[in-house]
Amino acid sequence: MDFAALYHFLFETVPGIAVLIGGGLVISVLVSVVLEFKTRRRFRNRPEPEHDEWSIFGSGEGEDS
């Protein structure tokens, strides 16, 4: 298979574009899993904070539910 045929398949056909999108998703998931395991291993013995001063989701106190 020559380069022109591979280029045509990947960038000019619907299945080729699906292969590119699928490959990108698989690579990004693998990278995120590896980085998550490295982060968990590095901060394994880190104590939990006693008082969180700031949180994206809020503390839940005083919210109308």
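Here, every reference points to the structure presented above.
Residues numbered from 1 in each chain as written. Predicted model: local features only at pLDDT ≥ 70, side-chain atom pairs only at ≥ 80, totals over all residues. Heavy atoms only, no water.

Turning to the overall build of the protein, a few remarks are in order. Helix and strand content of the protein: two helices and zero strands. Here the protein holds 65 residues, and 3% of them are scored as buried. For the protein, the exposed area adds up to about 6600 Å²; of that, 62% sits on carbon and sulfur atoms. (Helix = DSSP H or I, 4+ residues; strand = E, 2+ residues; numbered from the N terminus. Buried < 20%, exposed > 50% of the residue type's maximum accessible area, 1.4 Å probe, protein only. Areas by Shrake-Rupley, 256 points an atom, 1.4 Å probe, with all protein chains shown as cover.)

Its 29 residues give helix α2 (residues 14-42) an end-to-end C-alpha distance of 42 Å, which sits within 8% of 42 Å, the value for a rise of 1.5 Å per residue. Two or three places before Gly 16, at the start of α2, stands the capping residue Thr 13, its side-chain oxygen 3.2 Å from that residue's backbone nitrogen. (Expected span 1.5 Å × (residues − 1). Polar contact = N/O pair within 3.5 Å; in protein donor to acceptor, adjacent residues only side chain to side chain.)

Evaluation of the coordinates by the stated rule reveals two aromatic pairs. A centroid spacing of 6.4 Å and a plane angle of 35° characterise the contact between Phe 3 and Tyr 7, whose relative ring orientation is tilted. Remark: Tyr 7 and Phe 3 occur in helix α1 (residues 3-12); sequence separation between them is four residues, near one turn of the helix. Exposure remark for Phe 3: the relative accessible area of 66% places this residue in the exposed category. Centroid distance Tyr 7 to Phe 11: 4.9 Å. Interplanar angle 40°. Geometry classified as tilted. On the criterion of helical spacing, the pair formed by Tyr 7 and Phe 11 is a turn pair, its members being four residues apart in helix α1. For Tyr 7, a relative accessible area of 40% corresponds to the partly exposed category. Put simply, the rings of Phe 3, Tyr 7 and Phe 11 pair up and form one aromatic cluster. (Phe/Tyr/Trp six-rings, centres within 6.5 Å; stacked < 30°, edge-to-face > 60°.)

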